[in-house]
Amino acid sequence: MLALSAAARQQQRVRLSYRSAENEATARDIDTYGLAYRGGAWYAVGYCHLRCDLRSFRLDRVLGVEALPISFGRPKGFDVLAYLQTSIAQLPRAYAVEVLLKTDLATACRAVFAEMGTPAETPRGVLLKIQADELEWVARELSRLPFGFRILKPAALRRALAAHCVHLRAMAEH
């Protein structure tokens, strides 16, 4: 953590020995833009020269850090936490969910936390795309929204939401 924090502050490239979630070990040259804590883990965010794109790296998967004699310029105004929130929300999961929120984008952004999904304004409302491992979790999160919505996919989410409603009704009756 200290080496990556120093590299970000000094805008010095590092070589990262990293083990992916799939247990693949790689060496990557990274321009670290900053560190952020999200969802119980610390992450380094920056430009990965191996993948030629922005990436986030969980620090508990970092095997080693070596400072390189190369400096870089951080993009002006880059928001490490905002990037991390968006990248976590877009990680592929078991279910790709699409829900049409019957509200405007500003209201949707206030009600939907960033890691839940990616909202986009459309002529019919706000399209919320969610990647989730459990449809029951999505059903619980949708049930707390202060506006209407329509489930576009998957159909199994409708059943999960109906089951959640039965559960809530039972709780209200006791």
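Details of the structure are given in the entry above.
Quick notes on the rules
- Residues numbered from 1 in each chain as written.
- Predicted model: local features only at pLDDT ≥ 70, side-chain atom pairs only at ≥ 80, totals over all residues.
- Heavy atoms only, no water.
- Pairing = 2+ DSSP bridges.
- Helix = DSSP H or I, 4+ residues; strand = E, 2+ residues; numbered from the N terminus.
- Axes fitted to C-alpha atoms, helices over the stretch in contact; angles between N-to-C directions.
- Contact = heavy atoms within 4.5 Å.
- Core = buried A, V, L, I, M, F, W, Y, C linked by side-chain atoms within 4.5 Å.
- Buried < 20%, exposed > 50% of the residue type's maximum accessible area, 1.4 Å probe, protein only.

### A word on the sheet that holds strand β2 (residues 25–38)
In space, the 5 strands of this open sheet follow the order β4-β3-β2-β1-β5, with antiparallel pairing throughout. Edge positions in the sheet fall to β4 (53–58) and β5 (62–71), since each has one partner strand and no second. Each strand axis lies, on average, 45 degrees off the axis of its neighbour in the sheet, ignoring direction. By the bridge criterion, 6 bridges tie strand β1 (residues 12–19) to β2 in an arrangement that is antiparallel. Following the sheet pairing, S17 is matched in β2 by A27. In the packing of helix α1 (residues 2–10) onto the sheet, contacts are made with β1, β2, β3 (41–48) and β5, and the angle to β2 comes to roughly 80 degrees. Contacts between helix α2 (residues 80–89) and the sheet are confined to β2, β3 and β4, with β2 contributing the most and set at about 110 degrees to the helix.

### Concerning the nonpolar core
Grouped together as the largest cluster of nonpolar side chains are 21 residues, with contacts concentrated most on V97, L101, I130, V138, L142, L145 and L157. Broken down by secondary-structure element, the contributors of at least two residues to this core are β6 (95–101), α3 (105–111), β8 (125–132), α4 (135–143) and α5 (156–173). Excluding its chain neighbours within four sequence positions, the residues that come into contact with L157 are V97, V99, L135, V138, A139, L142 and I151. Counting residues in hydrophobic clusters, the runner-up holds 10 residues, among them L4, V14, L16 and Y18.

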